[in-house]
Amino acid sequence: MIIDNVYWLQYFNHLIGDSADLFRMTLFLSDRFPWLLYALALCSMWFAGTPGLLPERPNGLLRNHARHITLLTFLAMPVLFVISKMIQKFVESTRPMIQEGLLQIPLSPKEWHTVVDSFELQGSFPSDHAVVFFLLATVIFGLSRVWGVIAL
């Protein structure tokens, strides 16, 4: 049940499925919130570590090293997206969200059809959000084991 995506999709749909405004807001945020987290993580990584030549504690992180890792992370993103798009061409996987009768949709059929059309243009596996968060979690794990485990 922990990894059952359909269960969690239906659970959250039950919470927001009665209000068209809440449903629209959730769709809006679900598409933008991960990118905001990605930007915040990169900014945090940019300022991580100790300025200067020596870290504050043994095995600590120097700011120059953190900035180097941040730039590599930023540059790795387009490469991972290209790889992700190639995988999506070979692995057909429909999003559970667009399956008929699975969710309670408080939008007009015309409005929902527009949403479904936009989902069908995107690949489903691996999702762009999963690619972003896996990259960040991997990088954070390399910088700090404790924060990396939390991120994973």
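Residues numbered from 1 in each chain as written. Predicted model: local features only at pLDDT ≥ 70, side-chain atom pairs only at ≥ 80, totals over all residues. Heavy atoms only, no water.

*Asks:* When you look at the packing of helix α2 (residues 20–46) against helix α5 (residues 128–143) in this model, what are you seeing that I'm missing?
*Replies:* Helices that pack against each other are described as a pair by the angle of their axes relative to one another and the distance between those axes. At their nearest, the axes of α2 and α5 sit 10 Å apart, and the two run at 20° to each other. On the basis of the axis angle, α2 is roughly parallel to α5. Once α2 is placed against α5, the crossing between them reads as left-handed. Contacts between α2 and α5 pair Ser-30, Asp-31, Pro-34, Trp-35, Leu-37, Tyr-38, Ala-41 and Met-45 from the former with Asp-128, His-129, Val-132, Phe-133, Leu-136, Val-139, Ile-140 and Leu-143 from the latter. (Axes fitted to C-alpha atoms, helices over the stretch in contact; angles between N-to-C directions. Helix = DSSP H or I, 4+ residues; strand = E, 2+ residues; numbered from the N terminus. Parallel < 35°, antiparallel > 145°, perpendicular 65-115°, else oblique. Left-handed = near helix turned anticlockwise from the far one by under 90°. Contact = heavy atoms within 4.5 Å.)

*Asks:* Got a minute to help me understand the packing of helix α3 (residues 63–90) against α5 in this structure?
*Replies:* Across the interface, α3 lies against α5 with an axial gap of 9 Å and an inter-helix angle of 150°. It follows that α3 is roughly antiparallel to α5 by the angle criterion. The handedness of the crossing between α3 and α5 comes out as right-handed. Residues His-65, Ile-69, Thr-73, Ala-76, Met-77, Leu-80, Phe-81, Ser-84, Lys-85 and Gln-88 of α3 form the contact with α5, whose own contacting residues are Asp-128, Val-131, Val-132, Leu-135, Leu-136, Val-139 and Leu-143. In terms of residue class, the contact of α3 with α5 is made up of 11 nonpolar, four polar and two charged. (Nonpolar A, V, L, I, M, F, W, Y, C, P; charged D, E, K, R; others polar.)

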